[in-house]
Amino acid sequence: MARLLIEHSGPLEGRVTINGAKNAVLPIMAACLLTDEPSTIEGVPHVTDVLLMIEILRHLGLQVEFTDDHLVITPGRFAGQVAPYELVSRMRASICVLGPLLSRQGRAQVSMPGGCVIGPRPIDLHLKGLQALGATLTVEHGYVVAVADELRGAKVHLSGAFGSSVLATANVMMAATLAKGTTVIEHAAYEPEITDLAQFLIRMGARIEGHGGSVIRVEGVQRLHGAEHRIIPDRIEAGTWMIAAAMTQGDLTIEGARADHLGAVIDKLIEAGVSVEKLSGAIRVRGMRCPQAVDVTTLAFPGFPTDLQAQIVALMSIAQGSSLLTERVYPERFMHIAELNRMGAQITREGASAIVKGVGRLSGAPVVASDLRASAALVLAGLVAQHQTELEGIEHLERGYDHFPEKLAGLGAQIRRVE
Ligand code: EPU
């Protein structure tokens, strides 16, 4: 089992370049199922979720080459319509092959993704959306089976108990590109990753309007062609570096970070007394002194992202004062609390909120990462804790952060991976 050994490190300093967004590239890879021509995607991060999506596409008969940060995806003859349990159970995002497969082949069979440590993650909105386009959906032997002789445009409302759904919006938008007539997606997700997907689909010949807003209109076309596309920078990786600079009282210039994707994060860091400077093509973050406690509520974009909740909890655990962090997207996403408390943090959970009492210092301990973002939070905590932190479960970190320990070491952190 690989582990990370993290020592108390000084301020992180220097320049760091962020990679393309994992959550943009995964649905864009799935969109390649919508054409029989090759597509090239640039700026692709080397993370295991991308490798898993490559496996799924290959399983479905596509040829995929991954060199440097380029993916070339060439749809050959479809080898099937089944995304099997062994692959889907390892990555929930694989549900986004459902819409494109159904649209191209009239049938798709995708394993139900199942539970997840960040809480229940239903797929009712995906199914509701595809049903509205004319698909018949059943669940058989743990698989969602979607069948449609023809998909027809329709009005689809995608709001659930916790707001809209990013991947349900992606699935319906992809399926609608080849449907007959016009689809109107109401209460669509606004996330920049949805806008990036829409832009890729438009390059493929799709007719889409309104992406980036709450109503997306898709005019079905007969066929799509291959396209070339560069993935947007990963706003969650950028936000993680911003919090890392604040936590270590460092000075980081985060190249590629887009302020227009990080408004809520920038506001909260400034409120906490961190210096944030918007530069051309980069953001510079300086943690001048011990951060002040601030309250944060996670929300869909443009609100504060749930994917940075664990990291901001880590920051607040060493802030001056007490803060209230409320999760409005995944009310159960708090597995990191117990591990941070093992490092001396004082965090209590009340329903969908964490009450964090800032402490003077954390102390290194053996800790286990439960999921991707929790693992990033524990690494950041390890950098400011006294003595050594030993982090297990780093396969989670590797699902979404490209060479994170190496990048950290390049900025002055004392961190190493051991087998
Ligand atoms: N939801 C439903 N029904 C559905 C789908 C979702 O009730 O059919 C609920 C979820 O349970 C949740 C809320 O709606 O409470 C939002 O979930 P959403 O569907 O938007 O999440 P997702 O599309 O499955 C993506 C990201 C997640 C990120 C969320 C929210 C990808 C591959 N994943 O998931 O990223 O947390 O949006 O922004 O894009 C991560 O990168 O660590 C990660 C978990």
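See the structure above.
Residues numbered from 1 in each chain as written. Predicted model: local features only at pLDDT ≥ 70, side-chain atom pairs only at ≥ 80, totals over all residues. Heavy atoms only, no water.

> Please clarify how the environment of Gly220 should be interpreted in this entry.
Following the sequence through the fold, Gly220 ends up in the loop between strand E13 (215–219) and strand E14 (228–230). In this structure Gly220 comes out as partly exposed when scored by relative accessible area, which is 23%. Note: C-alpha distance between Gly220 and Leu324 (104 residues apart in sequence) is 46 Å. If near-sequence neighbours (up to four positions away) are discounted, Gly220 is found in contact with Ala176, Thr177, Ala179 and Gly181. (Helix = DSSP H or I, 4+ residues; strand = E, 2+ residues; numbered from the N terminus. Buried < 20%, exposed > 50% of the residue type's maximum accessible area, 1.4 Å probe, protein only. Contact = heavy atoms within 4.5 Å.)

> What is the right way to read the layout of surface pockets from this model?
Looking at the second largest pocket, its volume works out to about 240 Å³. If you trace the second largest pocket, you find 16 residues lining it, with Glu398, His403, Pro405, Glu406 and Arg417 closest to the centre. At the level of elements, helix H2 (48–59), helix H13 (395–400), helix H14 (404–410) and strand E24 (415–418) are the ones that each hand at least two residues to the lining of the second largest pocket. Tallying contributions element by element places H14 first for the lining of the second largest pocket, with 3 residues. Residue composition of the lining of the second largest pocket, grouped by class: 9 nonpolar, 3 polar and 4 charged. Each of domain 1 (3–19 + 233–418) and domain 2 (22–230) gives at least three residues to the lining of the second largest pocket. (1 Å grid on protein atoms, 1.4 Å probe; cavity = no way out; pocket = protein on both sides within 12 Å on 5 of 7 lines; lining within 4 Å. Points joined across faces, edges and corners; volume = space filled by probe spheres on them. Nonpolar A, V, L, I, M, F, W, Y, C, P; charged D, E, K, R; others polar. Domains from an automatic or database assignment.)

> Help me understand unusual backbone geometry in this model?
The phi angle of most residues is negative, glycine excepted, and most peptide bonds adopt the trans form. Along the chain, Phe301 connects to Pro302 via a cis peptide bond; the corresponding omega equals 5 degrees. Of note, Pro302 is situated in the loop between strand E18 (296–298) and helix H10 (309–316). Located in the positive-phi region is Asp68, a residue other than glycine, with phi close to 50 degrees. Examined against the element boundaries, Asp68 turns out to sit in the loop between strand E4 (62–67) and strand E5 (70–75). With a phi angle near 50 degrees, His141 is a residue other than glycine that sits in the positive phi range. Tracing the sequence through the fold places His141 in the loop between strand E8 (136–140) and strand E9 (143–147). Residue His141 is classed as exposed on the basis of its relative accessible area of 79%.

> Teacher, can you tell me more about helix H5 (residues 124–132) here?
An α-helical turn contains 3.6 residues, so a residue and the one three or four places further along point in the same direction. When we look at burial in H5, the residues that qualify are Leu125, His126, Leu127, Gly129 and Leu130. Its buried side turned inward, H5 meets helix H4 (98–105), E8, E9, strand E10 (155–157) and helix H6 (166–176). Directly beyond the C-terminal end of H5, a positive phi value near 110 degrees is found at Gly134.

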